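Remarks on the overall topology
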Amino acid sequence: MSDIMQMAEGRLGRIIAIRLLPGTDLLHGLEEACRRANINNGVILSAIGSLDGVRFCDPIEIAGRRAKYGYGEPLQLAGAIELTNASGIICHDDQGETNLHVHVTLSDRYGTAHGGHLVEGTKVLLTLDVIIAEVEGVEMGRQMDPDLEVPVFCPRPAEPAGK
């Protein structure tokens, strides 16, 4: 039987509580919080608040791609948007640079639900509350998969300290 997953085991460490202020780009604010807390192995436990428009992507069929799917141009919603949830993983690339993968669940002024992969250009409207947890014992890597042609999560056990 072929292998069906990559897996590593760890535990939750420090918990960081963040309030992002009006006008902050949501993705950049999360990256800055991770940088200040020195977290590049973690998870977004909860994020709620209001947004001044939103930009996100969903998978679409793309002719000529090996996997036949990928992400096209971002979808955009204008005006006041409620962020009912954001979740994601705080990873890093092979050079150690923080790389976030965040998905959002949204509600517009009519209560219509939307969601997808968060991209730059989404600004906080009134406030945004986030709880992040550091993951210990797991290297939360993320790198481009040549077959799928998208960045993928590559967890592996962390090397013991001092090695």
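Definitions and limits used
Residues numbered from 1 in each chain as written. Predicted model: local features only at pLDDT ≥ 70, side-chain atom pairs only at ≥ 80, totals over all residues. Heavy atoms only, no water. Core = buried A, V, L, I, M, F, W, Y, C linked by side-chain atoms within 4.5 Å. Buried < 20%, exposed > 50% of the residue type's maximum accessible area, 1.4 Å probe, protein only. Helix = DSSP H or I, 4+ residues; strand = E, 2+ residues; numbered from the N terminus. Contact = heavy atoms within 4.5 Å. Polar contact = N/O pair within 3.5 Å; in protein donor to acceptor, adjacent residues only side chain to side chain. Salt bridge = Lys/Arg side-chain N within 4 Å of Asp/Glu carboxyl O. Patch = residues over 30% accessible without salt bridge, like charges linked within 9 Å, V, L, I, M, F, W, Y side chains within 5 Å. Areas by Shrake-Rupley, 256 points an atom, 1.4 Å probe, with all protein chains shown as cover. Expected span 1.5 Å × (residues − 1). Arc of directions from axis to C-beta.

Turning next to the nonpolar core. With 28 residues, the main nonpolar core has Leu83, Val102, Leu128 and Ile132 as its most contacted residues. Of all elements in the fold, only strand S1 (11–20), helix H1 (26–37), strand S2 (42–57), strand S5 (75–92), strand S6 (98–107) and strand S8 (123–136) reach the threshold of two or more residues within this core. Top contributing element to this core by residue count: H1, with six residues. In contact with Leu83, other than residues within four places in its own chain, are Leu26, Ala47, Ile48, Gly49, Leu51, Val104, Thr105, Leu106 and Leu128. In terms of nonpolar packing, the next biggest core, distinct from the first, is built from five residues, Ile89, Val135, Val138 and Met140 among them.

The next point concerns unusual backbone geometry. In this structure, Asn38 takes a positive phi of about 55 degrees despite not being glycine. By the secondary structure assignment, Asn38 is in the loop between H1 and S2.

What follows covers the side chain of His92. Following the sequence through the fold, His92 ends up in strand S5. Here the side chain of His92 touches Asn41 through a polar contact of 3.3 Å, side chain to side chain. When neighbours within four sequence positions are excluded, His92 is seen to be in contact with Asn40, Asn41, Glu97, Thr98, Asn99, Glu139, Met140, Gly141 and Arg142.

Here Ala33 lies in helix H1. We classify Ala33 as buried; its relative accessible area is 14%.

Let us look at the pattern of salt bridges. This model, assessed by the stated rule, comprises five salt bridges. A salt bridge links Arg14 to Glu134, with the nearest nitrogen and oxygen atoms 2.9 Å apart. Here the residue Arg14 occupies a position in strand S1, and Glu134 occupies one in strand S8, the gap between them amounting to 120 residues. Ionic pairing is found between Glu32 and Arg36, a salt bridge with its closest N-O pair at 2.9 Å. Of this pair, Glu32 and Arg36 are both found in helix H1, four residues apart, which corresponds to roughly one turn of the helix. Residue Glu32 is classed as partly exposed on the basis of its relative accessible area of 28%. Through salt bridges that share partners, Glu32, Arg35 and Arg36 make up one connected network.

What follows covers a nonpolar patch on the surface. Residues Ile4, Met5 and Met7 make up a contiguous nonpolar surface patch of about 380 Å² in total accessible area. Position of Ile4 relative to the elements: it lies in the segment before S1. Judged by relative accessible area, Ile4 falls into the exposed class, the value being 62%.

Our next topic: H1. Compared with an ideal rise of 1.5 Å per residue, which puts twelve residues at 16 Å, H1 spans 17 Å between its outermost C-alpha atoms and is within 8% of the ideal. When we look at burial in H1, the residues that qualify are Leu26, Leu27, Gly29, Leu30, Ala33, Cys34 and Ala37. All buried residues of H1 project into a common sector of 165 degrees when viewed along the axis, lining one side. Along H1, the residues that are exposed and aim more than 90 degrees away from the buried face are Arg35 and Arg36. Of the residues that open H1, the one with a side-chain oxygen 3.1 Å from the backbone nitrogen of Leu27 is Asp25. Taken from the residues just after H1, Asn38 is the one with a positive phi, measuring 55 degrees.

Taken by themselves, the reported measurements are silent on function.
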